[in-house]
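# Structural overview for review
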There are 2 protein chains.
Amino acid sequence: MDEDMKYMQAAIDEAKLSLSEGGIPIGSVLVRDGVILSQGHNRRIQDNDPLMHAEINCIRNAGRIGRYGNTILYSTLMPCYLCAGAVVQFGIPKVVVGESSNFGGAEDFLQEKGVEVVNFGLPELEKMVADYIERHPEIWNEDIGTL
Amino acid sequence: MDEDMKYMQAAIDEAKLSLSEGGIPIGSVLVRDGVILSQGHNRRIQDNDPLMHAEINCIRNAGRIGRYGNTILYSTLMPCYLCAGAVVQFGIPKVVVGESSNFGGAEDFLQEKGVEVVNFGLPELEKMVADYIERHPEIWNEDIGTL
């Protein structure tokens, strides 16, 4: 749990970095054997790229690591189907999530496919995302495909 | 069908372009109301990017179009979970596929989520991909997460 919170804090720092850049505050970290392989954040706004969700950005930043069997993906928000699809396709066995109150994402799909999902339900993240959605509903809906 | 084959041919041309670049021969085209919005191909090798599957590259190349409700995604190969996840998350209602003999992908998942899937089963594509897999089994397995 302490280790998990250390990596989640790195994901939260990524979310805050995105916010400071004018982007959507979602962050992600990929960890293997206690080592952070990569970090990333949503870059839809920054890169004008509709697919650059935080988890996609993070996994991309790890480069071509080939095997994901012993990795854990941390994300400040429950992954959507795009990001959950990446997790399932590449065989990432565990996802640790900051919160899902603002977005239920693809939790059922992850669990059906045997991915372990741990959800911290962190009030700090729930508030940060809720505040963002209130200020930028159109960008949020664009990001989750519900415009 | 004739229209569909026209767009599929554009996807096949993308797959061949990738092969000529030293990449994995999978191509994709996004169409709306009879207009090609974007084309793309697998760029794992070219960009050293593990997430740059053909469909991801194609959807990215369309830019931030916001709404996908009246689009059709053409792909030379049955989409994997990553690419199917993008289709489901952004609400692309129909996928036209060149073949699935070399990779069954996430067809069940697409259909469960209400996406219409049309599969042409084109011998030309079956052979092109089978030949590639025979020559580059490691790159292929890396691309589909089964190294």
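In what follows, the structure referred to is the one given above.
One structure accompanies this document, and this report is about it. (Residues numbered from 1 in each chain as written. Chains lettered and ligands numbered in written order. Predicted model: local features only at pLDDT ≥ 70, side-chain atom pairs only at ≥ 80, totals over all residues. Heavy atoms only, no water.)

Okay, the sheet that holds strand E1 (residues 27–32) of chain B next. All names here are of chain B. Here we have five strands laid out as an open sheet, ordered E2-E1-E3-E4-E5, and mixed in their pairing. Edge strands, defined here as strands with exactly one partner in the open sheet, are strand E2 (35–41) and strand E5 (116–119). In this sheet, adjacent strand axes meet at a mean angle of 20° when their direction is disregarded. Where strand E3 (residues 71–77) lies against strand E4 (residues 94–99), five bridges are found, and the strand directions are parallel. Across the sheet, Tyr74 pairs through a bridge with Val96, a residue of E4. This element, helix H3 (residues 54–61), spans E1, E2 and E3 of the sheet and lies at about 135° to E2. (Pairing = 2+ DSSP bridges. Helix = DSSP H or I, 4+ residues; strand = E, 2+ residues; numbered from the N terminus. Axes fitted to C-alpha atoms, helices over the stretch in contact; angles between N-to-C directions. Contact = heavy atoms within 4.5 Å.)

Residue and element names in this part refer to chain A. With 19 residues, helix H1 (residues 2–20) should cover 27 Å at 1.5 Å per step; its first-to-last C-alpha distance of 27 Å lies within 8% of that length. Buried residues of H1: Asp4, Tyr7, Met8, Ala10, Ala11, Ile12, Glu14, Ala15 and Ser18, and no others. In this structure, the buried side of H1 is in contact with strand E1 (27–32), strand E2 (35–41), helix H2 (44–47), strand E3 (71–77), strand E4 (94–99) and helix H6 (123–135). Just downstream of H1, Gly22 is the residue with a positive phi angle, here 90°. (Expected span 1.5 Å × (residues − 1). Buried < 20%, exposed > 50% of the residue type's maximum accessible area, 1.4 Å probe, protein only.)

Let us look at the interface of chain A and chain B. Accessible area lost during the coming together of the parts is what is often quoted as the interface size. Each partner contributes to the interface: chain A provides 31 residues, whereas chain B provides 31 residues. Roughly 2900 Å² is buried in total at the junction of chain A and chain B, and carbon and sulfur atoms are behind 62% of that figure. The interface formed by chain A and chain B contains two salt bridges. Put simply, A:Glu142 and B:Arg64 hold a salt bridge, and the shortest N to O gap is 2.7 Å. Viewed at the interface, chain B and chain A are joined by 13 residue pairs in polar contact (both at pLDDT 80 or more). Listed by contribution, the elements that provide at least two residues to the side of chain A that touches chain B are H2, helix H3 (54–61), helix H4 (81–90) and helix H7 (137–143) of chain A. (Buried area = accessible area lost by both parts, 1.4 Å probe. Salt bridge = Lys/Arg side-chain N within 4 Å of Asp/Glu carboxyl O. Polar contact = N/O pair within 3.5 Å; in protein donor to acceptor, adjacent residues only side chain to side chain.)

Residues and elements named next belong to chain A. In terms of burial, E1 is a largely internal element, five of the six residues being buried. Alignment of E1 against E2, held across six bridges, turns out to be antiparallel. Counterpart to Gly27 in the pairing with E2 is His41. Bridge count for E1 against E3 is five bridges, and the pairing is antiparallel. If you follow Ser28 over to E3, its bridge partner there is Ser75.

On to the sheet that holds E1(A). Residue and element names in this part refer to chain A. Ordered by their spatial adjacency, five strands build an open sheet running E2-E1-E3-E4-E5, and the pairing between neighbours is mixed. Edge positions in the sheet fall to E2 and strand E5 (116–119), since each of these pairs with one other strand and no more. On average, each strand axis in the sheet is tilted by 20° relative to the strand beside it, whichever way the strands run.

It is worth spelling out the packing of H4(A) against helix H4 (residues 81–90) of chain B at this point. Viewed as axis vectors pointing N to C, H4(A) and H4(B) meet at an angle of 165°, and their least axial separation amounts to 7 Å. Compared by their axis directions, H4(A) and H4(B) come out roughly antiparallel. Of the two elements, H4(A) crosses H4(B), and the hand of that crossing is right-handed. Seen from H4(A), the contacting residues are A:Tyr81, A:Leu82, A:Gly85, A:Ala86, A:Val88, A:Gln89 and A:Phe90; seen from H4(B), they are B:Tyr81, B:Leu82, B:Gly85, B:Ala86, B:Val88, B:Gln89 and B:Phe90. In terms of residue class, the contact of H4(A) with H4(B) is made up of ten nonpolar, four polar and no charged. (Parallel < 35°, antiparallel > 145°, perpendicular 65-115°, else oblique. Left-handed = near helix turned anticlockwise from the far one by under 90°. Nonpolar A, V, L, I, M, F, W, Y, C, P; charged D, E, K, R; others polar.)

So, about the packing of aromatic side chains. Applying the stated criterion to the full structure yields nine aromatic pairs over all chains. Ring geometry for A:Tyr81 against A:Phe109: centres 5.9 Å apart, planes inclined by 50°, an arrangement best described as tilted. Separated by 28 residues along the polypeptide, A:Tyr81 in helix H4 and A:Phe109 in helix H5 (residues 107–112) bring together distant segments of the chain. A:Tyr81 sits in the buried class, given a relative accessible area of 15%. A:Phe109 gets classed as buried once you look at its relative accessible area, which sits at 4%. Cluster of aromatic residues (ring-pair linked, three or more members): A:Tyr81, A:Phe109, B:Tyr81 and B:Phe109. (Phe/Tyr/Trp six-rings, centres within 6.5 Å; stacked < 30°, edge-to-face > 60°.)

Superposing chain A onto chain B takes a rotation of 180° combined with a translation of 0.0 Å along the rotation axis, leaving an RMSD of 0.0 Å. Considering both components of the superposition, the chain copies are consistent with a two-fold axis. No C-alpha of chain A lies nearer the rotation axis than that of A:Gly85, which sits 2.5 Å from it. Comparing contact sets, 100% of the residues at the interface of chain A also lie at the interface in chain B, consistent with an isologous, same-surface contact. (Least-squares fit on C-alpha atoms with pLDDT ≥ 70 in both.)

These results come straight from atomic positions and should not be treated as a statement about function.
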